[in-house]
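In case you want the letters, here they are:
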Amino acid sequence: SDRLAVFGPRLVLALVVLILGWLIALIIGNILATIAQSVGFDSLSRRIGLTRLLDTAGIEKSISAIIGQLVTWILILVVFMAAAEVLGIESVQSFLNDILRYVPHVIGAVATLFIGLILANFLADIVRHASQASGLNHTNVLTLITRNAVVVFTILTVLAELGIAGDIMRAIVFGAIGM
């Protein structure tokens, strides 16, 4: 009975924090998406080929909408941490805190992936045009090798940013140096 008297108000407060926090996160995410669109993120995305890359990947959202959703979900994670704190659930708090500390690595990895894929397409186009201009017979092979080399390097860099497969990456680097 005493536990219910203490836990009941905490539960109500946690639900209020969740509902209000969720709404605030949605509003802030939408505002940031609108700001990103008005500043010109979408037109910049089209100019550098990011929109084409997103379309190829099957992502039909604009870069400003993606930014808004990313911010929304980060804020929702913070809201869940606050609700767990109100309820006094330390294990959930600790878990969500670990996830929140990992978010910058995920953002860095996604940015690295986008930049690497844009660079792979850009360099492949340069190689294609240069090899066609010089009359080489194996234009498609050179273009494919260039694109795939940059993509592989990008994937290795993304894995390093995420802290995944460090031993495998070292073995690949040492193997490449040995070759």
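Note: the structure precedes this text.
The model shown is predicted, which means the values in this text are computed figures rather than measured ones.

Draft legend 1. Looking closely at the nonpolar core. Counting residues in each nonpolar core, the largest one holds five residues, listed as Leu50, Leu53, Leu54, Ile63 and Phe114. Among the elements that line this core, the one with the most residues is helix α3 (residues 50-56), at three residues. Among all residues touching Leu53, those that are not within four sequence positions of it are Phe114, Leu117, Ile118 and Asn121.

Draft legend 2. Broad picture of the packing of helix α4 (residues 63-87) against helix α5 (residues 90-133). Interhelical geometry of α4 versus α5 gives an angle of 160° and a closest axis separation of 9 Å. Between α4 and α5, the angle falls in the class roughly antiparallel. Between α4 and α5 lies a crossing whose hand is left-handed. For the pair α4 and α5, the contacting residues are Leu70, Ile74, Leu77, Val78, Phe80, Met81, Ala84 and Glu85 in the first and Val92, Gln93, Leu96, Asn97, Ile99, Leu100, Val103 and Ile107 in the second.

Draft legend 3. Structural context of the layout of surface pockets. One number sums up the size of the largest pocket: a volume of about 660 Å³. Lining the largest pocket are 26 residues, and of these Ile63, Ile66, Val110, Ala111 and Phe114 sit closest to its centre. Every element with two or more residues in the lining of the largest pocket is listed here: α2 (41-47), α3, α4 and α5. At 12 residues, α5 tops the list of elements feeding residues into the lining of the largest pocket. A per-class count over the lining of the largest pocket returns 24 nonpolar, two polar and no charged.

Draft legend 4. Structural detail: the packing of α5 against helix α6 (residues 139-162). Direction vectors running N to C along α5 and α6 enclose 170°, while the axes themselves pass 8 Å from each other. The angle between α5 and α6 falls in the class roughly antiparallel. Of the two possible hands of crossing, α5 and α6 adopt the one that is right-handed. Across the contact of α5 with α6, the residue classes tally to 16 nonpolar, 12 polar and three charged.

Draft legend 5. Structural context of the packing of aromatic side chains. For the structure shown, the criterion picks out two aromatic pairs. Seen from their ring centres, Trp22 and Trp73 are 5.9 Å apart, and the 80° between their planes marks the pair as edge-to-face. Taken together, the residues Trp22 in helix α1 (residues 2-39) and Trp73 in helix α4 connect sequence positions 51 residues apart. Since its relative accessible area comes to 34%, Trp22 is described here as partly exposed. A relative accessible area of 52% means that Trp73 is categorised as exposed. On the basis of an interplanar angle of 80° and a centroid distance of 6.2 Å, the ring pair of Trp22 and Phe80 is categorised as edge-to-face.

The rules we used
- Residues numbered from 1 in each chain as written.
- Predicted model: local features only at pLDDT ≥ 70, side-chain atom pairs only at ≥ 80, totals over all residues.
- Heavy atoms only, no water.
- Core = buried A, V, L, I, M, F, W, Y, C linked by side-chain atoms within 4.5 Å.
- Buried < 20%, exposed > 50% of the residue type's maximum accessible area, 1.4 Å probe, protein only.
- Helix = DSSP H or I, 4+ residues; strand = E, 2+ residues; numbered from the N terminus.
- Contact = heavy atoms within 4.5 Å.
- Axes fitted to C-alpha atoms, helices over the stretch in contact; angles between N-to-C directions.
- Parallel < 35°, antiparallel > 145°, perpendicular 65-115°, else oblique.
- Left-handed = near helix turned anticlockwise from the far one by under 90°.
- 1 Å grid on protein atoms, 1.4 Å probe; cavity = no way out; pocket = protein on both sides within 12 Å on 5 of 7 lines; lining within 4 Å.
- Points joined across faces, edges and corners; volume = space filled by probe spheres on them.
- Nonpolar A, V, L, I, M, F, W, Y, C, P; charged D, E, K, R; others polar.
- Phe/Tyr/Trp six-rings, centres within 6.5 Å; stacked < 30°, edge-to-face > 60°.

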